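Chain by chain, the residues run as shown.
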Amino acid sequence: MTIPFSGGCACGKIRYTCTAAPIAMLNCHCQDCQISSGAPFASGIIVALASTQVEGAPNTYTVTATSGGKTVRSFCGTCGTPLFTRGEAIPDFMSIRFSTLDDPTTFKPMLDIFVSRAQPWTCVDTNIPQFEMSPPSAA
């Protein structure tokens, strides 16, 4: 992935730029990600908040995560594009939805999480690490 990288919502009202390499790129199969993405999993790029600038004001929705902590999902209030996810467990980082990248072909998942919640018909890449739930935190 070329640094910096950028992206935004479908209508262009929300834009972001990240000036540091991603911490990780992953697919999450938890039920909340399935619901919020409208797909069998959500693919995201984990980045430091300090290296990411957002232009525009996304709307948010807060849910209780499997850990019991709060997870805040951000989306464009105009076009509905899911954009970011932030959790209490790792407050200095966020996940950016891969589909919002200006060049989504640069997304290469490094791991799958919450595979215990994956739909039985989902094809999971056995060439990358898989975690039944969330991996141990490095934070």
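Placed above this text is the structure.
Heads up: these notes are all about the structure in this document. (Residues numbered from 1 in each chain as written. Predicted model: local features only at pLDDT ≥ 70, side-chain atom pairs only at ≥ 80, totals over all residues. Heavy atoms only, no water.)

### Some points on the packing of aromatic side chains
Remark: the centre distance and the inter-plane angle together describe each pair of aromatic rings, the angle taken between the planes. Applying the stated criterion across every chain, the model contains 2 aromatic pairs. Between F98 and F107 the ring centres are 5.1 Å apart and the planes differ by 35 degrees, which places this aromatic pair in the tilted class. For F98, a relative accessible area of 29% gives the class partly exposed. Judged by its relative accessible area of 10%, F107 falls in the buried class. (Phe/Tyr/Trp six-rings, centres within 6.5 Å; stacked < 30°, edge-to-face > 60°. Buried < 20%, exposed > 50% of the residue type's maximum accessible area, 1.4 Å probe, protein only.)

### Side note on the environment of I23
When you line up the elements, I23 lands in the loop between β2 (15-18) and β3 (24-28). Considering only alpha carbons, one finds I23 and V47, 24 residues apart in sequence, at a separation of 5.6 Å. Look past the residues within four positions of I23 in its chain and what remains in contact with it is I46, V47, A48, F93 and M110. (Helix = DSSP H or I, 4+ residues; strand = E, 2+ residues; numbered from the N terminus. Contact = heavy atoms within 4.5 Å.)

### Notes on the sheet that holds strand β6 (residues 59-64)
What holds strands together in a sheet is hydrogen bonding between their backbones, with the strands either parallel or antiparallel. With mixed pairing, the 7 strands of this open sheet are ordered in space as β6-β7-β8-β9-β4-β3-β10. Strands with a single pairing partner mark the edges of an open sheet, and in this sheet they are β6 and β10 (111-113). Here the strands of the sheet are splayed against their neighbours by 30 degrees on average, with no regard to which way each runs. In this structure, strand β4 (residues 42-48) lies alongside strand β9 (residues 93-97), joined through 5 bridges in antiparallel fashion. By the bridge assignment for β9, I46 is matched with S95. (Pairing = 2+ DSSP bridges. Axes fitted to C-alpha atoms, helices over the stretch in contact; angles between N-to-C directions.)

### Re the sheet that holds strand β5 (residues 52-55)
Read across the open sheet, the 3 strands follow the order β1-β2-β5; overall the sheet is antiparallel. In this open sheet, the two edge strands, each paired with only one partner strand, are β1 (5-8) and β5. Averaged over all pairs of adjacent strands, the angle between their axes in this sheet comes to 15 degrees, without regard to strand direction. Inspection of the sheet shows β1 paired to β2 by 4 bridges, in the antiparallel sense. Across the sheet, residue G7 finds its bridge partner in β2, namely Y16.

### A closer look at unusual backbone geometry
Following I3, the chain continues into P4 via a peptide bond in cis, with omega recorded as 0 degrees. Relative to the helices and strands, P4 is located in the segment before β1. Positioned with a positive phi, F114 is a non-glycine residue whose angle comes to about 55 degrees.

### Things to note about the pattern of salt bridges
In total, this model carries 2 salt bridges according to the counting rule given. Note that D102 is salt-bridged to R15, the shortest N-O span being 2.8 Å. Within this pair, whereas D102 is found in the loop between β9 and β10, its partner R15 is found in strand β2, the two being separated by 87 residues in sequence. The class for D102 is partly exposed, based on a relative accessible area of 47%. Among the salt bridges present, the one from R73 reaches D32, with a minimum N-O distance of 2.5 Å. (Salt bridge = Lys/Arg side-chain N within 4 Å of Asp/Glu carboxyl O.)

### Some details on the nonpolar core
Ranked by internal contacts, the top residues of the largest apolar core, which has 15 residues, are F5, I45, V47, F84 and I96. When contributions to this core are tallied by element, the ones reaching two or more residues are β2, β4, β8 (82-87) and β9. What I45 contacts, discounting residues up to four positions off in sequence, is M1, F5, P22, A24, M25, M94, S95, I96, F98, L101 and F107. By size, the runner-up hydrophobic cluster in this structure holds 10 residues, among which are L26, A42, I113 and F114. (Core = buried A, V, L, I, M, F, W, Y, C linked by side-chain atoms within 4.5 Å.)

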